[in-house]
Amino acid sequence: MKGLAFGRRAVLRAGALALVAAAALGLPAGEAQAEKLKVAGIYTVPIQQKWVGTLHRALTAAKERGDIDYSFSEKVPNTDYVRVLREYAESGVDLVVGEAFGISREARKVADDYPDIAFLMGDPGGPHGKNFSVFDNWIHEPCYLMGVVAGTMTKSNKIGMVGGYPIGEVNRLFHAFMEGARSVNPDVEFKVSFIGSWYDPPKAKEFAFAQVESGVDVLYAERAGVVDAAREKGIVAFGNVNDMNKLENGTDVVVASALWHMEPAIDYAIAQVKAGTFRAEDYKEWTMMKAGGASLSPFYEFEDKIPAETKAKIDSLAQQIKAGDFVVQTNDDEPKSTF
């Protein structure tokens, strides 16, 4: 029934616009173009931050295609988030995309109060009611592939990993990377550190320096700042979420990055709202490799430095993952250093 509510509102709006357009242009009503969906993005950090930037790019692409009207608010603290959420809901938007990690319960209450609006929120919990869908960045599959490469590249058999917080969405990436490395190098050990911040490049850099001093010769840069440390210390790194080789001064340093693409999830949500069939779902499958929601970046200048057999293994594993023949296990437990 809730899907019918979304569809009814879209049809009524489109029909009213068609009549106005037809009257103004002297055209049959069927030739008038339906109104675009109104979509709002609400972000707790600047759109330059790579997690939010991934959402913003996907929505901007939909806007540039002419599919939606898109407006957004950035740097909205959790203490003010519900107010902004309600303001957008009152303004008549059709779809809200944002983050509910710190206000999960409160965001669900807003969704309950606006049953004809679709909500697609980054959230650690499950879908709620009829109109509150959730997503996360499930890029553990390309992280496993990176681990395979890292395990073949380390000479000290010591790999360092610097993350923000030991929460599920970070922990599963670290575990997948570690398992990938162990699959080709059973002797590899890991140094794991969390900086207690989502954005503190100087602190991440210092943690990475300390790991290098402990003997690591490969770094996993889950946070910004780690690539700079790798460059200064003359070692290689692997990136996270965005293409850190191209976007974070990683030339000749970042071998590859596990990339997150929100376009499949966003486009699916837009299509569901337009069709009047939006419902509460977990969008996990839309952010994984099979659907194009995750991928491994090119190797760029490292292309000729990686053994042919390693690249062949990566290609084979990627195809197996997409086909469902190889499953990268998820482990949300906090990873620990092994040396």
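Before going into details, it helps to say that this report is about the structure given with it. Model, not experiment: these values are computed from the prediction. (Residues numbered from 1 in each chain as written. Predicted model: local features only at pLDDT ≥ 70, side-chain atom pairs only at ≥ 80, totals over all residues. Heavy atoms only, no water.)

1. Brief notes about the sheet that holds strand β7 (residues 189–194)
To be explicit about the condition: Two strands pair under a simple rule: DSSP has to find at least two bridges between them. Numbering of helices and strands runs from the N terminus, with a helix taken as a DSSP run of H or I at least four residues long and a strand as a DSSP run of E at least two residues long. The convention used is that axes are lines fitted to C-alpha atoms, helices contributing only their stretch in contact, and that angles between N-to-C directions extend from 0 to 180 degrees.
An order of β7-β6-β8-β9-β10-β11 is seen for the 6 strands of this open sheet, with the pairing classed as mixed. Lying at the two open borders of the sheet, with one neighbouring strand each, are β7 and β11 (294–296). Taking the axes of each pair of neighbouring strands and ignoring which way they run, one obtains an average angle of 15 degrees across the sheet. In terms of strand pairing, strand β6 (residues 158–163) meets β7 through 6 bridges, oriented parallel. Each residue of the ladder has a partner; that of M161, found in β7, is V192.

2. With respect to the packing of helix α3 (residues 78–90) against helix α4 (residues 104–113)
Where we set the bar: Note that the term roughly parallel is reserved for angles under 35 degrees, roughly antiparallel for angles over 145, roughly perpendicular for angles of 65 to 115, and oblique for everything else. By the definition used in this description, the sense in which the near helix is turned from the far one sets the handedness, with an anticlockwise turn below a right angle giving left-handed and a clockwise turn giving right-handed. The contact definition used throughout considers only heavy atoms, calling two residues in contact when any of these lie within 4.5 Å. Residues are grouped as follows: Ala, Val, Leu, Ile, Met, Phe, Trp, Tyr, Cys and Pro are nonpolar; Asp, Glu, Lys and Arg are charged; all remaining types, including Gly, are polar.
Look at α3 against α4: their axes get within 10 Å of each other, and the N-to-C directions meet at 20 degrees. The orientation of α3 with respect to α4, classified from their angle, is roughly parallel. For the pair α3 and α4, the crossing hand works out as right-handed. Where α3 abuts α4, its residues V82, L85 and R86 lie against E106, A107, K109, V110 and D113. Split by residue class, the contact of α3 with α4 holds 4 nonpolar, no polar and 4 charged.

3. What about the nonpolar core?
Worth spelling out the cut-off: Grouping buried Ala, Val, Leu, Ile, Met, Phe, Trp, Tyr and Cys residues that are joined through side-chain atoms within 4.5 Å yields what is termed a nonpolar core. Only protein chains enter the accessibility calculation, which uses a 1.4 Å probe; a residue whose area is less than 20% of its type maximum is buried, one above 50% is exposed, and one in between is partly exposed.
Counting 68 residues, the largest nonpolar core has L145, F238 and V255 as the members making the most contacts within it. If near-sequence neighbours (up to four positions away) are discounted, V255 is found in contact with V149, M153, V236, A237, F238, P298, F299, F302 and I306. Listed in part, the 21 residues of the second largest apolar core include V84, Y88, V93 and V96.

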